[in-house]
Amino acid sequence: MADRDTLGEYRRRRDFTRTREPAGRGAKGAGHGGEPSFVVQIHDASSMHFDFRLEADGVLKSWAVPKGPSDDPHDKRLAMPTEDHPLDYRDFEGTIAEGEYGAGAVIVWDEGTYENVTRDRRGRPVPLAEGVERGHVSFRLAGHKLHGGYSLTRIRGSEGDREAWLLVKRAGTRASRHPTPDPRRARSALSGRTLAQIREAAQAGEADTWSSDRASS
Ligand code: MN
């Protein structure tokens, strides 16, 4: 496991005296029973998007997916890489204050574990973080809403802001009748709340961060 700290950009973009997002300085968790975790958040920022995150090497590798994941293998969803996020971000749900980076409401739309099934051209297993660097990863999700095989493939750029990837459901499973989630109606997999309810709670001054009982279970 790489020891290098890849959270520098994440921390540079945020003022942790003004946002309740985790600073990621805590112990690196062991995931869910040893299996790596994934999370998909809906983020009502300057533009509505989904944030798709896969645990690898102690951080969450992250992509912003404007339309969200589809379970129809014919849909190719643009995914723009974003900075690595700390592992405890997988529980983050709440509001990011006005004026801060990414200001707006966030819900955890789906979460669970994944199995990395990335292979190189000769059929040998490729660790997820290495696959991300090479530009292709393949994985099987076990979430509340998302199930089965997906892949993320770089289609443009190599490193940096102009990189573009595609998130695609792998063929072999039948698509549901509702391949695309409606972000404004979607409910949190953790709390059952909608984005509007998260915003209302924040305006009412209630604690806006869902606290996980995972630590005690
Ligand atoms: Mn986001």
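Keep in mind the model is a prediction, meaning the values are calculated, not measured. (Residues numbered from 1 in each chain as written. Predicted model: local features only at pLDDT ≥ 70, side-chain atom pairs only at ≥ 80, totals over all residues. Heavy atoms only, no water.)

**Student:** An account of the pairing of strand β9 (residues 164–169) is requested, with residue identities and associated values reported.
**Tutor:** Side-chain positions along a regular strand alternate between the two faces of the sheet. In terms of burial, β9 is a largely internal element, five of the six residues being buried. Sheet analysis places strand β4 (residues 76–86) next to β9, joined by four bridges and oriented antiparallel. In the sheet register, Ala79 faces β9, and the bridge partner there is Trp165. Of the strand pairs in this sheet, strand β8 (residues 147–156) and β9 are connected by six bridges, and their pairing is antiparallel. Pairing of Tyr150 across the sheet is with Lys169, part of β9. (Buried < 20%, exposed > 50% of the residue type's maximum accessible area, 1.4 Å probe, protein only. Helix = DSSP H or I, 4+ residues; strand = E, 2+ residues; numbered from the N terminus. Pairing = 2+ DSSP bridges.)

**Student:** I'd love a proper account of the packing of aromatic side chains, names of residues and values included.
**Tutor:** One pass over the full model with this rule turns up seven aromatic pairs. When the ring of Phe52 is compared with that of Phe139, the centres are 5.9 Å apart and the planes differ by 35°; the resulting orientation is tilted. Of this pair, Phe52 sits in strand β2 (residues 48–56) while Phe139 is found in strand β7 (residues 136–143), placing the two residues 87 residues apart along the sequence. Note on Phe52: relative accessible area 1%, which makes it buried. Classification of Phe139 as buried rests on a relative accessible area of 0%. Aromatic pair Trp63 and Trp165: ring centres 5.5 Å apart, planes at 70°, arrangement edge-to-face. Of this pair, Trp63 sits in strand β3 (residues 59–65) while Trp165 sits in strand β9; the two residues are 102 residues apart in sequence, bridging distant segments of the chain. The class for Trp165 is buried, based on a relative accessible area of 1%. Here a set of aromatic residues connected by ring pairs shows up, and it is made of Tyr10, Phe16, Tyr89 and Phe92. (Phe/Tyr/Trp six-rings, centres within 6.5 Å; stacked < 30°, edge-to-face > 60°.)

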